[in-house]
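Observations on chain architecture
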Amino acid sequence: MSRSDRLLVPYLDFVYLWQHPGAQAVMTANTLPLAEPTIVRGACPHDCPDTCAMLVTVENGRATRVAGDPDHPFTQGFLCTKVNRYVERTYHPDRLLHPMRRVGPKGSGRFARVSWDEALTEVAERLSEIARSSDGPQAILPYSYAGTMGLVQSSSLDRRFFHLLGASMLDRTICSMAGTVGMRMTLGANIGADAEGMPESDLVLLWGTNTLTSNPHLWPFVLEARKRGAPIITIDPLRTRTAAQCDEWIPIRPGTDAALALGMMHVLFARGMEDRDYLARHTLGEDALRARVREYPPERVATITGLSPEAIIDLAERYGRARAAFIRVNYGLQRHAGGGMAVRTIACLPAVTGHWRRAGGGVQLSTSANFQFNKQALERPDLSPPVRTINMIRLGEALTTPDAGVGGPPVRALLVYNSNPAAVAPDRNAVLRGLARDDLFTVVLEHFQTDTADWADIVLPATTQLEHWDIHFAYGHHYVNLNRPSVAPLGEAKPNSEIFRLLALKMGLPGEHFAEDDLGLIRQALDTNAEKLRGVTLEKLLERGWVRLNVPTPYLPFAEGKFLTPSGKCELYSERMAQMGLDPLPTFTAPYEFPENVPELAKRYPLTLISSPAHQFLNTTFVNVEALKRAAREPECVLHPRDAERRGIPVGARVVIQNDRGAFTAVARVEESIREGVVWAPSIWWGKFAADGANANQTTSQRETDLGHGPVFYDNLVEVSLAD
Ligand SMILES: Nc1nc2c(c(=O)[nH]1)N[C@H]1C(S)=C(S)[C@@H](COP(=O)(O)OP(=O)(O)OC[C@H]3O[C@@H](n4cnc5c(=O)[nH]c(N)nc54)[C@H](O)[C@@H]3O)O[C@H]1N2
Ligand SMILES: Nc1nc2c(c(=O)[nH]1)N[C@H]1C(S)=C(S)[C@@H](COP(=O)(O)OP(=O)(O)OC[C@H]3O[C@@H](n4cnc5c(=O)[nH]c(N)nc54)[C@H](O)[C@@H]3O)O[C@H]1N2
Ligand SMILES: [Mo]
């Protein structure tokens, strides 16, 4: 059997299986157990820029190995620490395999098995009752994020279901919106330089990103650039494992990146290092920007950023001398009050120096806006009546003090899928108070009994990526990936799409909106005239697993200007921001909890807590995979030796990290790998795995960023003290 035949067999099986749902047992028994191992092409579903092409080995109907596709230009044949454990995660003894109904008090985690029919009937009845009540359907709130980034399992029939119901909308802001809007205001869309051009770069800035942890498949491109002579610099308050591998670490104070970028532009203009031709042709507001950056001389920027004036000048000069500097920003640096402005300000740099002209030059936060799938057809927003929108980062408020925040009826039903809000949402104490409400009906679609599932009334078992179809965009490269199922659903698990199909049927919603099967939905996503999707067909995806967007390699989006803003220029000055009542020019916006601006608070809580991703976890996914949990040891925090000494905290001591919002405990590590005044708590732990049941989000706030209504997870003052 050729390799492609071996790829085809499970595909045909599953086409058949999906068209004949009752045939599952027969199919599994008769056709899947091929004598020789079969390799099925899949895609990693996780919320990560890399969206890997995965090869799944199946033997006797069981997945035995996952590997990176060596042919995929970005994945390059390897998977990360976490996804290498995907088989272990899939067959984990704790997988949820059948629907369950709560039998103990709320939050007790006591459940009893029920049939799908019982579970769906109960959900349908409760939702119908709420929709008919005087509170109306807006008392129902979906809560989902990117547990899987596949379009079919994250934003297709689920959306249609809630739209037809007239449920409240959810503003999905928890990660990327501040930076996304910052990019839109400046470049016109959240797109940027192509990682595949990075080898041509002569200077790489990893700015607010822990590449080796959060975007590891970029690393080979970083190394290639370095091999050809480019210095690699990390700008981060922590000397992360990435910073440790770089040529230089610039330990900036949290939340001050815009000031650094303004200071760099000050030096660039003062030294005449700008590209006048690029500025004249392709930007709007050059004179206003020149005037603005005059307010940010290196001495002032040094005070704000905690760096020396020399370091700022040196960085600016190196940036100015480079011909094609590649700035990789990521979402870490935008989790502060001024996150949108910070990303926007950094995004002005390559227009000042004209680096966009050359391969390897420019800035990348994301590539996602290039993937212009037909989302209208998939999600059908037109089916919804006008309804309120609730910001997902303010779930605590929405559940506990509806009048103070969102207005409208109280939230009486919460349907959670692809997310674990009881652990990931800020101000966890408020969230848990909300989830504990006896009058709240909570349904959780999950793989595992997470912190959130513990609060459910009904738990529904969902399939993993090995068990369902999907199609994927990416936010760190330019390839569409297809995911084929490689094994039959475990136990009674069902894909999210199927669960919403069945629920719609139970509730008597118009069947025509739920008629397509999952492959039909994939076809719909691809059914578009969008230029960049030209040539990306299901046939090619089935054959190869992935297809490059219709863009050159490397893709130079702004080599000749053609920005996607209203003016068609890089908007150094943004009229749209002026209309929003914001500063139309790049500026430094201090964090909410910037010590010198809040001296009283800073006296009690002098340290800034950064709770960015642990290497072994993907948000809260994989925390329950034994090997990874063991590698991450236990909830820890890293303190600078002087901060530890001042508090009498020895290495290995158990400490309490707290502020007025809440507290959690961790074991102290004391290292020079962090700026003084900053604490790092690798995250996101499941509360239930911690001795005190708490995690870092006990201390984070529900406040919003300047742009995009995003979260401010790292804009967070705390004190650390010895636990008794
Ligand atoms: N292993 C792993 N990979 C992941 C994830 C995960 O949980 N685990 N999460 C995925 C998700 S959802 C996302 S959004 C991406 C996030 O990708 P990244 O943004 O790369 O990840 P973070 O670790 O959140 O942030 C990167 C770094 O920003 C630094 N930082 C914090 N505040 C500031 C600041 O004000 N200025 C500067 N310059 N640096 C700052 C932190 O110290 C951290 O080292 O990663 C994805 N990849
Ligand atoms: N303190 C702090 N908090 C943070 C962050 C931080 O850095 N610090 N990072 C923030 C960021 S960037 C993000 S993106 C959010 C992430 O928050 P979430 O999107 O909630 O991410 P996860 O915690 O990984 O939870 C995803 C859940 O979806 C489930 N899941 C996966 N696939 C499927 C499926 O096909 N069907 C169903 N029904 N379920 C599925 C997984 O089992 C998992 O429990 O967290 C945010 N919270
Ligand atoms: Mo994220």
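Along each chain, residue indices are assigned from 1 in the same order as the chain's sequence is written. Chain letters start at A and ligand numbers start at 1, both assigned in the order the entries are written. The predicted nature of this model means local features are confined to residues of pLDDT at least 70 and side-chain atom pairs, given and counted, to a pLDDT of 80 or more, with totals for whole chains, interfaces and linings taken over all residues. Only hydrogens and water are set aside when side-chain values are computed; all heavy atoms of the structure are taken into account.

**Looking at the overall build of the chain**
Counting its regular elements, the chain contains 27 helices and 27 strands. Every radius of gyration here is taken over C-alpha atoms, with the globule rule written as 2.2 Å times N^0.38, N being the number of residues. Here the C-alpha atoms of the chain give a radius of gyration of 25 Å, agreeing with the 27 Å that 2.2 N^0.38 yields for 724 residues. Per-residue accessibility, obtained with a 1.4 Å probe over protein chains only, is compared with the maximum for each type, and a residue is labelled buried under 20%, exposed over 50%, and partly exposed between these values. By the burial criterion, 65% of the 724 residues in the chain qualify as buried. Only heavy atoms matter for contacts: two residues are in contact if any of them lie within 4.5 Å across the pair. Relative to all contacts within the chain whose residues are 6 or more apart in sequence, the contacts with residues 24 or more apart total 77%. Every accessible area reported is derived by Shrake-Rupley at a probe size of 1.4 Å, with residue values counting cover from the shown protein chains alone. Of the roughly 24700 Å² that the chain leaves accessible, carbon and sulfur atoms contribute 50%. Charge assignment: positive for Lys and Arg, negative for Asp and Glu; neither His nor the chain ends contribute. Taken as the charge location is NZ of Lys, CZ of Arg, CG of Asp or CD of Glu. Taken together, the 76 basic and 82 acidic charged side chains of the chain have centroids lying 2 Å from each other. Secondary structure elements are defined from DSSP: runs of H or I of at least 4 residues count as helices, runs of E of at least 2 residues count as strands, and each element is numbered from the N terminus.

**Quick look at the site of ligand 2**
One heavy atom within 4 Å of a molecule or strand makes the whole residue count as near it. Around ligand 2 lies a shell of 32 residues, among which Glu446, Ser611, Thr620, Thr621 and Tyr714 are the nearest. By the criterion applied in these results, polar contacts are pairs of N or O atoms within 3.5 Å in which, for protein atoms, one can donate a hydrogen and the other can accept it, and in which residues neighboring in sequence qualify only through two side-chain atoms. Note that an oxygen atom of ligand 2 is positioned 2.9 Å from one of the backbone N or O atoms of Asn420. For ligand 2, a nitrogen atom lies 2.9 Å from a polar atom in the backbone of Leu445. When ligand 2 sits alone it has 920 Å² of accessible area, and the protein chains cover 97% of it. Classification used: nonpolar for Ala, Val, Leu, Ile, Met, Phe, Trp, Tyr, Cys and Pro, charged for Asp, Glu, Lys and Arg, polar for all others including Gly. Residue composition of the shell around ligand 2, grouped by class: twelve nonpolar, 16 polar and four charged. Built from parts of two domains, the shell around ligand 2 gets at least three residues from each of domain 1 (100–174 + 375–464 + 492–514) and domain 3 (595–722). Boundary definitions for the domains trace back to an automatic or database domain assignment.

**Remarks on the domain arrangement of the chain**
By domain assignment, the chain separates into domain 1 (100–174 + 375–464 + 492–514), domain 2 (193–365 + 558–579) and domain 3 (595–722). Of the residues lining the interface, 24 residues belong to domain 1; the matching set on domain 3 comes to 24 residues. Summed over both partners, the accessible area (1.4 Å probe) lost when two parts come together is defined as the buried area. Across the domain 1 to domain 3 interface the summed buried area is about 1800 Å²; carbon plus sulfur atoms make up 45%. Broken down residue by residue, the surface that domain 1 buries against domain 3 is led by Ile393, Asp427 and Arg428, which jointly contribute 27%. We define a salt bridge as a side-chain nitrogen of Lys or Arg found within 4 Å of a carboxyl oxygen belonging to Asp or Glu. Taken together, domain 1 and domain 3 are joined by two salt bridges. When the shortest N-O distance is used, the salt bridge between Glu704 and Arg394 registers 2.6 Å. At the junction of domain 1 and domain 3, the tally comes to 20 residue pairs in polar contact (both at pLDDT 80 or more).

**Side note on the pairing of strand 15 (residues 413–417)**
Counting buried positions along strand 15 gives five out of five residues, so the element sits mostly inside the fold. Because side chains alternate across strand 15, one face comprises the buried residues Ala413, Leu415 and Tyr417, and the other comprises Leu414 and Val416, equally buried. Bridge count between strand 6 (residues 140–144) and strand 15: five bridges; the pairing is parallel. Its bridge partner lying in strand 15, Ser144 is registered against Tyr417. Of the pairings in the sheet, the one linking strand 15 to strand 16 (residues 441–446) comprises five bridges and is parallel in character. Residue Ala413 lies in a different strand from strand 16, and its bridge partner there is Phe441. When DSSP finds at least two bridges between two strands, those strands are taken to pair.

**Looking at helix 6 (residues 157–165)**
Among the nine residues that make up helix 6, eight are buried, leaving the element largely enclosed by the rest of the structure. Along helix 6, the positions that sit buried rather than exposed are Leu157, Asp158, Arg159, Arg160, Phe161, Phe162, His163 and Leu165. Of the residues flanking the end of helix 6, it is Gly166, one or two places downstream, whose phi is positive at about 80°.

**Examining the side chain of Gln616**
The topology assignment puts Gln616 in the loop between strand 22 (607–610) and helix 26 (626–632). According to the relative accessible area criterion, Gln616 is buried, its value standing at 13%. When near neighbours in sequence (up to four residues on either side) are disregarded, Gln616 contacts Lys82, Phe622, Leu628, Ala631 and Ala632.

**Description of the site of ligand 1**
Around ligand 1, a shell composed of 35 residues is seen, among which Asp236, Gly255, Asp257, Gly332 and Phe617 lie nearest. Between Gly208 and ligand 1, the recorded distance is 3.4 Å, taken from a backbone N or O atom to an oxygen atom. The backbone of Gly255 places a nitrogen or oxygen atom 2.6 Å from an oxygen atom of ligand 1. Computed on the free molecule, ligand 1 has an accessible area of 900 Å², of which 99% lies beneath the protein chains in the complex.

**Topic: the packing of helix 11 (residues 257–270) against helix 14 (residues 298–305)**
Remark: helix 11 packs on helix 14, axes separated minimally by 9 Å, with the N-to-C direction vectors making an angle of 165°. Here helix 11 is positioned roughly antiparallel relative to helix 14, judged by the angle of their axes. The handedness of the crossing between helix 11 and helix 14 comes out as left-handed. Note on element contacts: helix 14 touches helix 11 through Pro298, Val301, Ile304 and Thr305, opposite Ala259, Leu260, Gly263, His266 and Val267. Axis geometry follows a simple rule: fit a line to the C-alpha atoms, using only the stretch in contact for helices, then measure angles between N-to-C directions, giving values from 0 to 180 degrees. Orientation labels follow simple angle bins: below 35 degrees gives roughly parallel, above 145 gives roughly antiparallel, 65 to 115 gives roughly perpendicular, and whatever is left gives oblique. Two helices that cross are described as forming a left-handed crossing if the nearer one is turned anticlockwise from the farther one by less than a right angle, and a right-handed crossing if clockwise.

**Some remarks on the nonpolar core**
Side-chain atoms within 4.5 Å link the members of a nonpolar core, which is a set of buried Ala, Val, Leu, Ile, Met, Phe, Trp, Tyr and Cys residues. The biggest cluster of nonpolar side chains holds 171 residues, and the ones touching the most others in it are Leu127, Phe161, Trp207, Leu349 and Phe373. Sequence-distant contacts of Phe373, that is, excluding residues within four places in its chain, are made with Leu151, Ile471, His472, Phe473, Val480, Ala525, Leu526 and Leu533. Among the nonpolar cores identified, the runner-up in size contains 21 residues, and Met54, Val487, Leu618 and Val625 belong to it.

**Section: the packing of aromatic side chains**
Two rings belonging to Phe, Tyr or Trp (six-membered ring only in the last case) form a pair when the distance between their centres is within 6.5 Å. Interplanar angles under 30 degrees mark stacking, angles over 60 mark edge-to-face geometry, and anything in between is tilted. Considering all chains together, one arrives at 15 aromatic pairs under this definition. A ring pair is formed by Tyr479 and Trp546, whose centres lie 5.7 Å apart and whose planes are at 85°; its orientation type is edge-to-face. Of this pair, Tyr479 sits in strand 19 (residues 479–483) while Trp546 sits in strand 20 (residues 546–548), and the two are 67 residues apart along the sequence. Assigned by exposure class, Tyr479 and Trp546 land together as buried. Counting every residue linked through ring pairs, the aromatic cluster contains Phe161, Phe162, Tyr417 and Phe500. Here, over-ring charges are defined by two tests on the NZ atom of lysine or the CZ atom of arginine: distance to the ring centre within 6 Å, and angle to the ring normal within 35 degrees. Over the ring of Phe622 we find Arg89, and its NZ or CZ is 5.7 Å from the ring centre. When the ring centre of Phe689 is taken as reference, the NZ or CZ atom of Lys629 above it lies at 4.4 Å.

**Here we look at the packing of helix 11 against helix 15 (residues 309–321)**
Running from amino to carboxyl end, helix 11 crosses helix 15 at an angle of 65°, the nearest separation of the two axes being 9 Å. Of the two possible hands of crossing, helix 11 and helix 15 adopt the one that is right-handed. From helix 11, Leu260, Gly263, Met264, Val267 and Leu268 reach across to helix 15, where they touch Ile312, Ile313, Leu315, Ala316, Glu317, Tyr319 and Gly320. Here the contact of helix 11 with helix 15 is built from residues that sort into nine nonpolar, two polar and one charged.

**Quick word on the pattern of salt bridges**
The tally for this structure, following the rule as stated, stands at 54 salt bridges. Close ionic contact of Glu129 with Arg412 constitutes a salt bridge, the shortest N to O distance being 3.4 Å. Separated by 283 residues along the polypeptide, Glu129 in helix 4 (residues 116–132) and Arg412 in the loop between helix 18 (395–400) and strand 15 bring together distant segments of the chain. When the shortest N-O distance is used, the salt bridge between Glu636 and Arg633 registers 2.6 Å. A relative accessible area of 8% places Glu636 in the buried class. Where salt bridges share partners, they join Arg642, Asp643, Arg646, Arg647, Glu676 and Glu719 into one cluster.

**What to know about the sheet that holds strand 2 (residues 53–59)**
Pairing is antiparallel in the open sheet, where three strands are placed in the order 1-2-3. Among the strands making up the open sheet, the edge pair consists of strand 1 (38–43) and strand 3 (62–68). If you compare each strand with its neighbour and ignore which way they point, the axes differ by 30° on average. The pairing of strand 2 with strand 3 spans six bridges and is classified as antiparallel. Across the sheet, the residue bridging to Glu59 is Arg62, located in strand 3.

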